[in-house]
Amino acid sequence: MSGPFIQDEQIAHARKLAEEIVNPIFELIRRNTTVSNERTVLRFFGISGAGTRGVPLANLMVDKLKAAGVLNRGAAYWYGRALQMGAKSPLEAVERLTALPTDKLGPLSPDMEQNLRAEVRAEARAALDDLRSRIAHRNAIRQQFPMSPAPHKYVIVATGNIYDDVDQARAAAQAGADVIAVIRSTAQSLLDYVPHGATTEGYGGTYATQENFRIMREALDEESQKLKRYIQLTNYSSGLCMSEIAFCAAYERLDMLLNDAMYGILFRDINMRRTFIDQYFSRRICALAGIIINTGEDNYITTADAYEAAHTVIASQFINESFAKRAGLKDWQLGIGHSYEIDPYRADTLLLELSQAMLVRRCFPNAPLKYMPPTKHKETDIFFSHAYDVMADLVAIWTRQGIQLLGMMTEAMHTPLLADRYVALKSAAYVHRAARGIDEEFTVREDGKIANRAREVFSKAMELLEECHKEGMVAAIGKGRFGDVKRSELGGKGLDGVLEKAPDYFNPFLEILEGTTS
Amino acid sequence: MVKPTKQIIRPYGDRRDDGVVQLSFTFPVPLSEKAKEAAAQFVRKMGFSDVKVASAERAADNYTFFIVYARSGMYIDYAEVDVPELVIKKMGFDDLNAFIQQKVGRRIVVFGACTGTDTHTVGIDAILNMKGYAGDYGLERYPWFEAYNLGSQVPNEELITKALAKSADAILVSQVVTQRDVHKDNSRQFIEAAKARGLHGKTILLLGGPRVDHKLALELGFDAGFGPGTKPSDVANFIVHALLKKLGKEDPNAHYQGEPT
């Protein structure tokens, strides 16, 4: 058992505080939109191509509308206007709109306005039906080839070339991987567009593009069929294009996405407002598409000390959960992130790590949870490194993690060799097989080190939540309360892509996803 | 100096001079007897004898992973291995601060960043942040260092401009991502920029990262390179001695414990 350690009422109180902390941010989200959310709307309408020099059409159109000062009415509205002007296809709509002089964008009669909205809403419903049928197709394959029991073993490929990634992903699946993550090219999170097409050059990873998603999912569908075991695919909905990536992923039937309400702010210095607004729409899409999100709290303890900052992970998890729930995500979709990162040269670290993982399990009993392996204190002694990873395997099975990223013995050296994944998968399978059910065999004493540490961390997390509640999220982030990183509300990248919505702002997808129209 | 006498050494497995080495590698072929024999032949071709393919495993349908033990007939004359002699002891936090106060007489200004497109602050943070790494305090904690950590994705030019504005004594460039040698390209670009701004040869320029070593850094034009496992105190010691050498307060040929080699 992952303990009571803490009373149910205390956990309920933490959850309540988190809800109240995120509340004011929803006011910001309601009042504003962003260039990336508007581009997502256009992608929903099928505007997924690219123009000359590979600039995505969605960017061309949104930039044009922004320059004309009319984007605050919503890209969907202008898409409707283009259709009314006789555009026969999404591409034509883009051409018409981008060719239009700004003064031609004046108001219509109220009747015409209403017709336009009705037509665009109908098209939005059709687009969402199409998306739903793609999701249903994915779910059918999942049912046909059931997944292995949790923890789902998650490994990474990162060659930079999608076709090489496919070879490595297939090999990993054959070696027992349940989830394949394609690491993105370095700094893609700072691109204010989603690159187009299949890509074969990337630094430190492979560009997340809709076509790359399609290629990898197709390969994994084949592999699932061959192995009679469904292999999940994940990517990264983070950075300046959270909602666009979420759309591309949903459309190409991805199963998971890294998606965190604060990660971009803290670790990529993306503007706070931009991130809060983008994450909401991206999570609405994930909610619809049955995508499991993975949050990034594990990152806090790669910058801050894992022992000292353990409580910031817990506090942030409650906040991330609140954001997620407000976007319609269900418990089963919350791959709440944490990790095995305490300095292994301390005493009692297995107990401390168990305590932390049990505490997370206790606070989020119905979420799958996403468990990260050690990285920060990894050594180039691969034999020690391997032993270190195996301890994380044990904690993962003990605390019933839903998703476990496997540590690589060469973590401190280079991107994993093919054999590193094999070795990690083999030993994780062994530990999971050997220790499944261990939590039911042992009851953790309520007066021991594990329980006491869990109570200590939880009470510090409560203090931090109280502080955020009193001073607000913005102030807490400004003080470096999360991950030791300080950010200001108007700092960071992407603020110029935030716009206040006009009173007649129109986004039929958000309306439908929020259930305000059917 | 008197040439030392020969000291022949070989790898030690479980007997002196048995020359036993362990190897592991993967072939892109399915597991089979033929694959195992190919692995053995490959290892013999590298000059090993008594080759034992201890393990051959199916890493995937078309990949086989081998663990091999073999003997090498090679040896090394340890006496011939030339590594500079230690003359100065590596100093800890308190000693080094006192040493700076006494010898330099002012705070040493250090700038650091992970430059180019690299987003990873883990390396530069380990060296500069208060917290440090593996229980070894970062440079921000040293009262006699004035450390500025600019974080990640900092353009080389910007790092140089900011460092110049504060008359930095040393600049640390961290490079974590190494895909297709992007770290080398970016580091070269940094050195070009430093030369253009007249910093090269004046300010102490350091390179760090998981795939960096001292030799590579010197080749690229840096004063030193720091690889995986480097502690903040290693960097701090290097900077102090390098600065004293530049100021003519220390013998340019002096070596100390723990310096990069």
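Residues numbered from 1 in each chain as written. Chains lettered and ligands numbered in written order. Predicted model: local features only at pLDDT ≥ 70, side-chain atom pairs only at ≥ 80, totals over all residues.

## Re the overall build of chain B
A tally of regular secondary structure across chain B gives seven helices and 10 strands. A globule of 261 residues ought to have a C-alpha radius of gyration of about 18 Å, yet chain B, at 23 Å, is considerably larger. Taking the principal axes of its C-alpha atoms as reference, chain B extends roughly 65 × 50 × 35 Å. Buried positions account for 34% of the 261 residues belonging to chain B. For chain B, contacts bridging at least 24 residues in sequence account for 64% of all contacts bridging at least 6. (Helix = DSSP H or I, 4+ residues; strand = E, 2+ residues; numbered from the N terminus. Rg over C-alpha atoms; globule rule 2.2 N^0.38 Å. Buried ≥ 20, exposed ≤ 12 C-beta atoms within 10 Å, placed from the backbone. Contact = placed C-beta atoms within 7 Å.)

## Digging into the domain arrangement of chain A
Residue and element names in this part refer to chain A. Considered domain by domain, chain A is made up of domain 1 (1-30 + 237-372 + 443-496) and domain 2 (32-144). Taking the mean C-alpha position of each, domain 1 and domain 2 sit 33 Å from one another. Between domain 1 and domain 2, the contact holds 18 residues from the first and 15 residues from the second. Of all the secondary structure elements, the ones that give two or more residues to the side of domain 1 that touches domain 2 are α1 (8-31), α9 (242-251) and α11 (272-289). Looking at the side of domain 1 that touches domain 2, its residues break down into 11 nonpolar, two polar and five charged. (Domains from an automatic or database assignment. Nonpolar A, V, L, I, M, F, W, Y, C, P; charged D, E, K, R; others polar.)

## Re the domain arrangement of chain B
The domains assigned to chain B are domain 1 (8-77) and domain 2 (93-246). Summarising the inter-unit geometry, the C-alpha centres of domain 1 of chain B and domain 2 of chain B are found 40 Å apart.

## Some words on the sheet that holds strand β9 (residues 370-372) of chain A
Residue and element names in this part refer to chain A. Read across the sheet, nine strands follow the order β7-β6-β5-β4-β3-β2-β10-β9-β8 without closing on themselves; strand pairing throughout is parallel. Since the sheet does not close on itself, it has two edges, and those belong to β7 (334-335) and β8 (337-339), each with one partner. Sheet topology places strand β2 (residues 152-157) next to strand β10 (residues 403-405); three bridges connect them, and they run parallel. Directly across from Y154, in β10, lies its bridge partner L405. (Pairing = 2+ DSSP bridges.)

## Remarks on the sheet that holds strand β3 (residues 48-60) of chain B
Residue and element names in this part refer to chain B. Strand order in the open sheet formed by three strands is β2-β4-β3, with antiparallel pairing between adjacent strands. Both outer strands of the open sheet, β2 (20-27) and β3, are each paired with one neighbouring strand and no more. Shown here is a sheet whose adjacent strand axes are inclined to one another by a mean of 20°, direction ignored. One ladder, built from eight bridges, connects β2 with strand β4 (residues 63-72); its direction is antiparallel. Note on β4: the bridge partner recorded for S24 is I67. (Axes fitted to C-alpha atoms, helices over the stretch in contact; angles between N-to-C directions.)

## Let's talk about helix α2 (residues 35-44) of chain A
One full turn of an α-helix is made of 3.6 residues, so residues set three or four places apart face in the same direction. All names here are of chain A. The element α2 is largely enclosed, with a buried count of 10 among its 10 residues. Residues of α2 that are buried include every one of V35, S36, N37, E38, R39, T40, V41, L42, R43 and F44, and no others. G46, located one to two residues past α2, shows a positive phi value of around 100°.

## Quick word on the interface of chain A and chain B
You'll often see interface size given as the accessible area lost when the parts meet. Across the contact, 18 residues belong to chain A and 22 residues belong to chain B. Taken together, the elements giving at least two residues each to the side of chain A that touches chain B come down to α7 (162-174), α12 (300-303) and α16 (418-435) of chain A. Considering every element that reaches the side of chain A that touches chain B, the biggest residue donor is α16 of chain A, with three residues. In terms of residue class, the side of chain A that touches chain B is built from nine nonpolar, seven polar and two charged.

## Considering the environment of S488 of chain A
By the element assignment, S488 of chain A lies in the loop between α19 (473-478) and β11 (498-500). Between the C-alpha atoms of S488 of chain A and I403 of chain A, which are 85 residues apart in sequence, the distance is 33 Å.

## Here's the deal with the confidence of the model for chain B
Confidence in the prediction of chain B, expressed as mean pLDDT, is 89, and 95% of residues score 70 or more. Listed scores for the predicted complex are pTM 0.83 and ipTM 0.88. (pLDDT = per-residue confidence, 0-100.)

## What to know about the nonpolar core
Core analysis: the largest hydrophobic core is formed by 174 residues, its most contacted members being M61, A75, Y79, I180, L257, I291 and L465 of chain A. Here the element with the most residues in this core is helix α18 (residues 449-471) of chain A; it accounts for nine residues. Other than its neighbours up to four places away in sequence, A75 of chain A contacts E38, V41, L42, M61, V62 and L65 of chain A. Judged by nonpolar contacts, the second largest core, of 43 residues, contains C114, L128, L172 and L206 of chain B. (Core = buried A, V, L, I, M, F, W, Y, C linked by C-beta atoms within 7 Å.)

## Examining the environment of I25 of chain A
Residues and elements named next belong to chain A. Residue placement: I25 occurs in helix α1. For the pair formed by I25 and F323, sequence separation is 298 residues and the distance between their alpha carbons is 9.3 Å. When neighbours within four sequence positions are excluded, I25 is seen to be in contact with F276 and M473.

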